[in-house]
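Chain by chain, the residues run as shown.
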Amino acid sequence: MSSEGFIPLDWSELSIQEMERNAFSLYKKMDSRRTTRHFSTKDVPRKLIEQAILTGSTAPSGAHLQPWTFVAVKNDEIKQKMRDAAEIEEGKTYSNRMPVAWREVLEPLGTDAIKDHMTDAPWLVVLFRQTKRIRSSGEFGPTYYSTESCGIAAGMFIHAIHNMGLVTLTHTPSPMGFLRDILQRPEHEHAMLVMPVGYPAEDAMVPDISRKSLDEVAVFIE
Ligand code: IYR
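Throughout what follows, the structure given in this document is the object of discussion. The residue numbering used here restarts from 1 in each chain and proceeds along that chain's sequence as written. Reporting in this predicted model follows two pLDDT cut-offs: at least 70 for local features of residues, and 80 or more for side-chain atom pairs to be given and counted; totals over whole chains, interfaces and linings ignore these cut-offs and use all residues. Side-chain metrics rest on all non-hydrogen atoms present in the structure, leaving aside hydrogens and water.

### Points about the site of the ligand
We define proximity as follows: a residue is near a molecule or strand when any one of its heavy atoms falls within 4 Å of that partner. Around the ligand, a shell composed of Arg37, Glu90, Tyr94, Trp102, Leu106, Thr111, Lys115, His171 and Thr172 is seen. Any N or O atom pair separated by 3.5 Å or less is treated as a polar contact, with the protein-specific requirement of one donor-capable and one acceptor-capable atom, and with residues adjacent in sequence counted only for side-chain atom pairs. Within the contact set of the ligand, an oxygen atom lies 2.6 Å away from a side-chain nitrogen or oxygen of Lys115. Thr172 is positioned with one of its backbone polar atoms (N or O) 2.7 Å from a nitrogen atom of the ligand. Here the open area of atoms and residues is found with the Shrake-Rupley method and a 1.4 Å probe, where only the protein chains shown may cover a residue. For the ligand, whose unbound accessible area comes to 370 Å², protein coverage reaches 72%. Lining residues are those with an atom within 4 Å of a point, where the points come from a 1 Å grid over the protein atoms alone and group into cavities, where a 1.4 Å probe fits but cannot get out, or pockets, open sets with protein on both sides within 12 Å along at least five of seven lines. Assignment of a molecule to a cavity or pocket requires that more than half of its atoms lie within 2 Å of the corresponding grid points. Most atoms of the ligand, that is more than half of them, are within 2 Å of grid points of the largest pocket. Each helix is a run of DSSP H or I of at least 4 residues and each strand a run of E of at least 2, with the numbering of both proceeding from the N terminus. Among the elements of the structure, helix H3 (76–97) and helix H4 (100–106) are those that each provide at least two residues to the shell around the ligand.

### Some remarks on a nonpolar patch on the surface
The patches described consist of residues with a relative accessible area above 30% and no salt bridge, like charges being joined within 9 Å and nonpolar side chains (Val, Leu, Ile, Met, Phe, Trp, Tyr) within 5 Å. We define a salt bridge as a contact between a side-chain nitrogen of Lys or Arg and a carboxyl oxygen of Asp or Glu at a distance within 4 Å. Taken together, the side chains of Leu14, Ile16 and Met19 present a nonpolar region at the surface, about 260 Å² in accessible area. Topologically, Ile16 is positioned in helix H1 (residues 16–31).

### Some words on empty space enclosed by the protein
Grid points are joined across faces, edges and corners, and a volume is the space filled by probe spheres set on the points. With the rule as written, the count across this model stands at 1 cavity of 30 Å³ or more. By volume, the largest cavity amounts to about 40 Å³. Lining the largest cavity we find Arg33, Arg34, Ile158, Ile161, His162, Leu166, Val167 and Thr168. Elements with a minimum of two residues in the lining of the largest cavity: helix H6 (146–163) and strand E5 (167–168). Sorting elements by how many residues they give to the lining of the largest cavity places H6 first, with 3 residues. Polarity classes work like this: nonpolar for Ala, Val, Leu, Ile, Met, Phe, Trp, Tyr, Cys and Pro, charged for Asp, Glu, Lys and Arg, and polar for all others, with Gly in that last group. Of the residues belonging to the lining of the largest cavity, the class tally is 4 nonpolar, 2 polar and 2 charged.

### Quick word on the pattern of salt bridges
All chains considered together, the criterion is met by 10 salt bridges. A salt bridge links Lys74 to Asp43; its shortest N-O distance comes to 3.3 Å. Of this pair, Lys74 sits in the loop between strand E1 (68–73) and H3 while Asp43 is found in the loop between H1 and helix H2 (46–56), placing the two residues 31 residues apart along the sequence. Categorising residues by exposure relies on relative accessible area from a 1.4 Å probe, with only protein chains included: less than 20% of the type maximum marks a residue as buried, more than 50% marks it as exposed, and the intermediate range marks it as partly exposed. Taking relative accessible area as the criterion, Asp43 reaches 45% and is therefore assigned partly exposed.

### Things to note about the pairing of strand E6 (residues 189–198)
Taking burial as the measure, the 10 residues of E6 include 8 buried ones, the bulk of the element. Strands were regarded as paired on the criterion that DSSP finds at least two bridges between them. Where strand E2 (residues 123–130) meets E6, 8 bridges bridge the pair, whose relative direction is antiparallel. Pairing of Val125 across the sheet is with Met195, part of E6. Of the strand pairs in this sheet, E5 and E6 are connected by 2 bridges, and their pairing is antiparallel. For Val167, the partnering residue across the bridge sits in E6 and is Gly198.

Structure (structure tokens):
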């Protein structure tokens, strides 16, 4: 491999003890993350949202195309518009589009078509997936693995929000086409997730559920 265009990797080895300490403390931190639908209206400085977006944007991506746009909405009128549109779609989903097999797994989570979080949370961050990019010729070209790339970026954004002491929710109003219209994004951008960000409400509740054990989620072949 030619070294032109490459720089040395900035990396230093940690002891196994340090790695174990870091691994355990990150696990404890991430295991304390919960998704709540109950947000306070307390303001969050824009700087914190910028920092979380920058963290999400460190995600690896297909051909390093970074095929994401994070739209962070604080404007109350726009948030209300987004909520109204989401409630119309979700009203249809919850009342007749949702099959029984889906309903039965959602029931313990207590979700419904009322989207208070979309106007209570001070920020609504919408992650758009870019399906195309501009080539050096000026024409559109495809992006690669944009779903995987944006999924990773969303995970890192969620991590950043939790790490700074705030809460978020991965909300998926469906279908999501209205977000492109309201937020005036180009046709090649597809909304993937709406993430309200803020402080939890004082009386915020979460479902009493647990996570799968290591044995249930992993197979080791040594
Ligand atoms: N999109 C709806 C329904 C919903 C679907 C799943 I899968 C969830 O884990 C939670 C909700 C909503 O956001 O309410």
